[in-house]
Amino acid sequence: MRLDVLSIFPEYLSPLQLSLIGRAQEKGLLDLGVHDLRDWTHDRHRTVDDTPYGGGAGMVMKPEPWGEALDHVLGAGAEAPVASHARPPAAPVLIVPSPAGEVFTQATARELAAREHLVFACGRYEGIDHRVIDWAAERAEVRMVSIGDYVLNGGEVAVMVMVEAIARLLPGVIGNPESLDEESHEDGLLEYPVYTKPAEWRGHEVPPVLLSGDHGKVARWRRDERLRRTARVRPDLLAALPAGVLDAHDRRVLAALTEEREETAPG
Ligand code: 6GU
């Protein structure tokens, strides 16, 4: 997979050279290019922003440097307008991090991990002149993406979040791909709690079932913990589960939880 990141703070993205992503690059699974948007300015001050038409606070990123930068990273294929139905599957995806975008989820990470070329355009200030987005949409698949309901100063940190979530899904990046299967958000339930030695620590014991050696009981306990944890902290995830994910036992576990809560409720 090829990844390009455009930013006025390219050094902000240097942690991407470390750890998992760094090793994936060394293994040739990932080809990452981080570019300074100011390389495509032509004035002495390397200006990337200007005042907003219509007035208001803050500054807006100028379209010209973005146009030239995107010509460069999208390549020759980006020169002619291409209708969305005629775009080849290898067409790049332009991801524009923005608190005004669709919310990035594990499903988004999976979709993007299946593509060959991702380009991230990090905005700062009040955002990028919207004509850049409209122009790019004629040449690439453009997605404005938010990483959650809060505001960051720029897209760089959001890009690090997205790249980490996407890269770890690429074949060969994670040593043991089975560790991906039972993760939070892969099947709509949160993960079960985990324990290691010693069996007793500072007066706290490991749940005895985990020491029983009964694999069936352990699996059932873990599933129950996932259900209880999800019901407690993320009832929205439980409500969104597709029909058929919960069996009769699951439903009994959840019903027991509701009864417990009613018994302990005040009044
Ligand atoms: Cl992607 N960018 C910015 N600037 N703020 C955000 C965000 C992105 N996602 C949540 N907040």
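All values reported here derive from a predicted model rather than from experimental measurement. (Residues numbered from 1 in each chain as written. Predicted model: local features only at pLDDT ≥ 70, side-chain atom pairs only at ≥ 80, totals over all residues. Heavy atoms only, no water.)

1. Describing the packing of aromatic side chains
- Tallied over the full model, the rule gives one aromatic pair.
- Taking the centre distance of 6.0 Å and the plane angle of 40° together, the rings of Phe-9 and Tyr-12 count as tilted.
- Residue Tyr-12 is classed as partly exposed on the basis of its relative accessible area, which comes to 38%.
- If you follow Arg-124 out to its NZ or CZ, it ends over the ring of Tyr-12, 5.2 Å from the centre. (Phe/Tyr/Trp six-rings, centres within 6.5 Å; stacked < 30°, edge-to-face > 60°. Buried < 20%, exposed > 50% of the residue type's maximum accessible area, 1.4 Å probe, protein only. Lys NZ or Arg CZ within 6 Å of the ring centre and 35° of its normal.)

2. Observations concerning the packing of helix H6 (residues 215–233) against helix H8 (residues 248–264)
- For the pair H6 and H8, interaxial distance at closest approach is 10 Å and the crossing angle is 50°. If you check the angle between H6 and H8, you find them oblique. Here the hand of the crossing between H6 and H8 comes out right-handed. Together, Arg-220, Arg-223, Asp-224, Leu-227, Arg-228, Ala-231 and Arg-232 of H6 and His-249, Asp-250, Val-253, Leu-254, Leu-257 and Arg-261 of H8 make up the contact between the two elements.
- When its residues are assigned to classes, the contact of H6 with H8 shows five nonpolar, one polar and seven charged. (Axes fitted to C-alpha atoms, helices over the stretch in contact; angles between N-to-C directions. Helix = DSSP H or I, 4+ residues; strand = E, 2+ residues; numbered from the N terminus. Parallel < 35°, antiparallel > 145°, perpendicular 65-115°, else oblique. Left-handed = near helix turned anticlockwise from the far one by under 90°. Contact = heavy atoms within 4.5 Å. Nonpolar A, V, L, I, M, F, W, Y, C, P; charged D, E, K, R; others polar.)

3. Regarding the pattern of salt bridges
- By the definition in use, this model includes 19 salt bridges.
- A salt bridge links Asp-250 to Arg-220; the shortest N-O distance between them is 2.8 Å. Pair noted here: Asp-250 is in helix H8 and Arg-220 is in helix H6, with a separation of 30 residues, a long-range link.
- Asp-250 sits in the buried class, given a relative accessible area of 0%.
- A residue is classified by how much of its surface remains accessible, and Arg-220, at 23% relative accessible area, is partly exposed.
- A salt bridge links Glu-225 to Arg-228; its shortest N-O distance comes to 2.6 Å. Of the two residues, Glu-225 and Arg-228 are both situated in helix H6; the distance of three residues between them amounts to about one turn of the helix. (Salt bridge = Lys/Arg side-chain N within 4 Å of Asp/Glu carboxyl O.)

4. What to know about the side chain of Asp-224
- Of note, Asp-224 is situated in helix H6.
- Once residues within four sequence positions are removed from consideration, Asp-224 is found in contact with His-249 and Val-253.

5. A closer look at the site of the ligand
- Close to the ligand lie Pro-97, Ser-98, Pro-99, Val-145, Ser-146, Ile-147, Gly-148, Tyr-150, Val-151, Leu-152, Gly-154 and Ala-158.
- Contact distances for the ligand include 2.9 Å between a nitrogen atom and a backbone N or O atom of Ile-147.
- Relative to its free-state accessible area of 290 Å², the ligand is covered by the protein chains to the extent of 96%.
- Here the shell around the ligand gets three residues from one element, more than from any other, and that element is strand S5 (residues 93–103).
- Partitioning the shell around the ligand into residue classes produces eight nonpolar, four polar and no charged. (Near = heavy atom within 4 Å. Polar contact = N/O pair within 3.5 Å; in protein donor to acceptor, adjacent residues only side chain to side chain. Areas by Shrake-Rupley, 256 points an atom, 1.4 Å probe, with all protein chains shown as cover.)

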